[in-house]
Each structure stands twice: as structure tokens, then as C-alpha cells.
Amino acid sequence: MNTRILEPLPIDPANPVAILSDLEDAIAGRRTFLPIPARDRPRAQLLRESQRAGQPIDPHIALVMATSGSTGTPKGAQLTPGNLVSSADATHQYLGGEGQWLLAMPAHHIAGMQVLIRALIAGVEPLALDLSDGFHIPDFATAARELRETDDRVYTSLTPMQLIKAMDSLEGIEALRLFDAILVGGAATSRQTLEAAEALEITVVTTYGSSETSGGCVYDGQAIPGARIRVRDAHIELGGPMIADGYRNAPNHEDFAEPGWFRTSDTGTLVDDHLTVMGRLDSMIDSGGLKLHPEVLEKAITDLEGVTGACVLGIPDQRLGQAIVAAYAGTPSPAEVIRGLSDLPRWQLPKQLKHVEALPMIGPGKVDRRAITTLF
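In this text, all values refer to a predicted model and were calculated from it rather than measured experimentally.

Visitor: Mind showing me how you'd approach the nonpolar core here?
Guide: For soluble globular proteins, nonpolar side chains are generally found buried alongside one another. Core analysis: the biggest nonpolar cluster contains 50 residues, and L23, L63, M113, L116 and L238 have the highest contact counts within it. Tallying contributions element by element places helix α4 (residues 110–122) first for this core, with eight residues. The residues touching L63, leaving out its near neighbours within four places in the chain, are L23, A26, F33, P35, A77, Q78, L79, L84 and M113.

Listed below in C-alpha cells is the structure:
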């Protein structure tokens, strides 16, 4: 049996397509990689150490994709070639066919990585934005026009914040309308954003998934071909050929107790095969004996006109046990936000509300909850 070593794979945000030949080797079962950010040395070192880069690994693993949680050591989802290919094939089947892809997200995260994988599976070379100093609408618009000229179907993946930024200018709106579908995930997309996109004839597909599921496997609340959804013991569980082969640094983890299934930390409802995600079970706030999913209040805040993002937390409180607090970004004043939440029960209103210029992020679409906590 050949010894396989987990190789670190630095990804330059200025030229992520440089790793395409490496990805071909991974999908063909010849090598195993740990994608790491080339220009974020602390994160790269954390991933090298926590995922044991340079040490032996099961040769049937293609990629070890780190989770992007804002607390604790990242776990490494072990993805096989079958996981990655089945996810890419199911995405193309759901969207109506293969096409050209624009990479507008960091490729060391699963959402960006899957853009590259889908392009490889489709036999096309993806177009990638230089994200070295952020996401810029003129560059996005130029790339969108270039793809549209191929006369093929064209796709991209964005975070809700990228979508909002693009919708804030005529140039961005015109670029968004060139895509046959825009996958939007990493965080919940507000109702006002989805309604505005529909009114502007922008085709948005909301996605739900994670590194453990090879990226999004639930589109617009429906399982993509081959994927399965169930809710057991309050947990959303996802199944199918795209489910990872456990964690690199947490073998025999209880979330993979049943082969082919992954138990998430989220809860939700499944009605007529349509999934509604309510929020994370491990972030439930208990305030004076009343329990609140922070995502419920976050959605109420982001649904307000002019709000571009929100984060709700519970902080220690001598009287309540936990006090509900919130930070948000956007144009409304704190008083306007509170007035906009007047339909909610009074106990759900934040005891402290901070207006910030921008929410700190960790990974595409992921708010750094630990950093927000320090504000309070």
C-alpha cells in the first residue's frame, strides 16, 4: 500500500486558478491536499498544525477542507473524489446544466473551492477575481461580461454581503443580471434582499451546507439531486454521496455516527420536503428562562430596510442569566431599528444595540461572533 501524505496547498487570492492541476490530481486520486490561505500566515499555520499536514493520510481522501467556525480549533472535513464530484454534478443538474463559472470567493473555503471543482467537472477553465484587496464591483462586472460572451450558461457564488454590495450600483445590478444563477450562502439572506433581487430580475439560489457536505447541498430549501434531509432530535441531518468521510482531527466524531449522514448543529423544520433553518442549537440564548434562537432576531433586524448585517448574542447577566445584545451594520439609527422591531415580544428586544460600520468576518459570509462579543 502506497503511503499518502497530506500536502499543504497554499492558495494565492490573486491567482487561485494556479491550483487547478493540483485539484485534477486530487480528484483523480493521486494526491491529497489541505488548502490554506497563502497570505494569512496565522490561519495557515493553525491549519497545518491542527490537520497534521505532512503526515500520512488515508489515500482515498482528496481534500481536507477546514471548517470556518469563529470559535475553537477548526475541524477538517475529509472529502473524497466521490464527495466532490457528486456535489458538482448535483449542482449542475439542479441549475439546468453545466456552464462557465466565476470564482468570486476565497478558494481555501469550501464555497470557493467548489466553484473550481465544478469548472473542472464541466471541462472549462474558471474565471477568477483577484481578491487580494477585497471584492470590487468594476472587476466583477468586467468578468461577468467576459463570461456572458461565451454564449454558455454562466454561474457564480457570492455571500449575502457581496450580493448586497453588487446590488447597490447600476453597474453591479447589470452584472448580476448576466448570470443564469447566483448561488448565495454562508449566511442567511434577508427577505428584503431576495425580494429586491427578484424585482431586478436577478436569479438568486439560496444555499445551505458546509465543508462537511462538500458545500451547499440544499438549494432554495430543497435537497439537490442525491442529497437527503431529515430532522431528528431537533438537529438538521444531511445525507447523500457528498457527505465527508469524517474529520481529519476528530476521528469517530458523533456528528458522523451514521455512515453517509452528517448531523449539523442547526435546528429547523422540514415540511413537504422543504427545509427551513431556524438557527444553531449551540447558540441558543436563555434570557430569564425564555429561549431565543439568535438567528430569529438577526433575521428580523436584517429584514429592516437599510440594514446590511446583524449579529445577536447572549452575554452573562446577573439577573437574567443571559442578556440579549446585538450589533448591526447599515444606514438606520439604533432608535429606528428598535422601532422596526416593535412587533416582537419585548423580551426579545436587545438590551444593548451597537451600530458598527461593518461586521467582522471569518470566512465567506461568516460573522466573527467572538469579535462581536468583545464589543459588549
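Visitor: Can you walk me through the sheet that holds strand β5 (residues 100–103) in this structure?
Guide: Sheet strands pair via backbone hydrogen bonds, and the direction of the pair is either parallel or antiparallel. Judged by pairing direction, the sheet is mixed, and its seven strands sit side by side in the order β6-β5-β7-β8-β9-β10-β11 without closing on themselves. The outermost strands of the open sheet, each flanked by one partner alone, are β6 (127–128) and β11 (222–223). When strand β7 (residues 154–158) meets strand β8 (residues 181–184), the two strands line up parallel, connected through four bridges. For T156, the partnering residue across the bridge sits in β8 and is I182. Sheet strands touched by α4: β5, β7, β8, β9 (204–210) and β10 (215–219). Its angle to β5, the strand with the most contacts, is close to 150°.

Visitor: Before we go on, may I ask you to explain the environment of A329 in this structure?
Guide: Mapped onto the elements of the fold, A329 is located in strand β20 (residues 321–330). We classify A329 as buried; its relative accessible area is 5%. In the structure, A329 is positioned 21 residues away from T308 in sequence and 5.5 Å away in space, judged by C-alpha atoms. Discounting residues that sit within four places of it in the chain, A329 has contacts with G306, V307, T308, G309, H355, V356, E357, A358 and L359.

Visitor: Explain the packing of aromatic side chains here, please?
Guide: Any two aromatic rings considered together are summarised by their centre-to-centre distance and by the angle between their planes. Per the counting criterion, the structure on display carries six aromatic pairs. Their ring planes at 90° and their centres at 5.2 Å tell us that Y94 and Y219 sit as a pair that is edge-to-face. Of this pair, Y94 sits in helix α3 (residues 81–95) while Y219 sits in strand β10, and the two are 125 residues apart along the sequence. Classification of Y219 by relative accessible area gives buried; the value is 0%. Seen from their ring centres, W101 and Y155 are 5.0 Å apart, and the 45° between their planes marks the pair as tilted. Of the two residues, W101 is situated in strand β5 and Y155 in strand β7; the sequence distance between them amounts to 54 residues. The two residues W101 and Y155 agree in class, both being buried. Site record: aromatic cluster; members linked through ring pairs are F135, F140 and F179. Over the face of the ring belonging to W261 we find R230, whose NZ or CZ atom lies 3.7 Å from the ring centre.

Visitor: Would you mind showing me how to read the environment of G279 here?
Guide: Structurally, the position occupied by G279 is in strand β16 (residues 274–280). Between the C-alpha atom of G279 and that of P294, which follows or precedes it by 15 residues, the distance is 7.1 Å. Setting aside residues up to four positions removed in sequence, G279 forms contacts with S265, D266, T267, H293 and E295.

Visitor: Can you walk me through the side chain of T32 in this structure?
Guide: Along the chain, T32 falls in strand β2 (residues 32–37). A distance of 2.9 Å separates the side chain of T32 from the side chain of R4, its partner in a polar contact. Those residues within four positions of T32 in sequence are excluded, and the remaining contacts are R4, I5, L6, E7, I57, D58, P59, I61 and A62.

Visitor: What am I meant to see in the side chain of R230 here?
Guide: Looking at the element boundaries, R230 is found in strand β12 (residues 228–232). In terms of polar contacts, R230 uses its side chain to reach the side chain of E237, at 2.6 Å. Of note is the side chain of R230, whose polar atom sits 2.6 Å from the side chain of E258. Ignoring any residue separated from it by four or fewer positions in sequence, one finds R230 in contact with H235, I236, E237, E258, W261 and L270.

Visitor: Hey, could you run me through the pattern of salt bridges in this one?
Guide: Pairing between side chains of opposite charge can happen when the charged atoms of each approach one another. A complete count under the given rule lists 18 salt bridges for this structure. With a shortest N-O distance of 2.6 Å, R230 and E258 are connected by a salt bridge. Highlighted residues: R230 in strand β12 and E258 in the loop between β13 (235–239) and β14 (261–263), separated in sequence by 28 residues. Given the relative accessible area of 18%, R230 is considered buried. Judged by relative accessible area, which is 33%, E258 ranks as partly exposed. Its salt-bridge partner being R263, residue E254 comes within 3.1 Å of it at the nearest N-O pair. Judged by relative accessible area, E254 falls into the exposed class, the value being 55%. What emerges from the salt-bridge pattern is a single network uniting E7, D22, D25, R30 and R31.

Visitor: Can you walk me through empty space enclosed by the protein in this structure?
Guide: Sizing a probe to match a water molecule and rolling it over the atoms shows the empty space that remains. On inspection of all chains with the given rule, the structure shows one cavity of 30 Å³ or more. In this structure, the largest cavity occupies an estimated 30 Å³ of space. Lining the largest cavity, in full, are P35, R43, L47, A66, H108 and H109. Of the residues belonging to the lining of the largest cavity, the class tally is three nonpolar, two polar and one charged.

Basis of the calculations
- Residues numbered from 1 in each chain as written.
- Predicted model: local features only at pLDDT ≥ 70, side-chain atom pairs only at ≥ 80, totals over all residues.
- Heavy atoms only, no water.
- Core = buried A, V, L, I, M, F, W, Y, C linked by side-chain atoms within 4.5 Å.
- Buried < 20%, exposed > 50% of the residue type's maximum accessible area, 1.4 Å probe, protein only.
- Helix = DSSP H or I, 4+ residues; strand = E, 2+ residues; numbered from the N terminus.
- Contact = heavy atoms within 4.5 Å.
- Pairing = 2+ DSSP bridges.
- Axes fitted to C-alpha atoms, helices over the stretch in contact; angles between N-to-C directions.
- Phe/Tyr/Trp six-rings, centres within 6.5 Å; stacked < 30°, edge-to-face > 60°.
- Lys NZ or Arg CZ within 6 Å of the ring centre and 35° of its normal.
- Polar contact = N/O pair within 3.5 Å; in protein donor to acceptor, adjacent residues only side chain to side chain.
- Salt bridge = Lys/Arg side-chain N within 4 Å of Asp/Glu carboxyl O.
- 1 Å grid on protein atoms, 1.4 Å probe; cavity = no way out; pocket = protein on both sides within 12 Å on 5 of 7 lines; lining within 4 Å.
- Points joined across faces, edges and corners; volume = space filled by probe spheres on them.
- Nonpolar A, V, L, I, M, F, W, Y, C, P; charged D, E, K, R; others polar.

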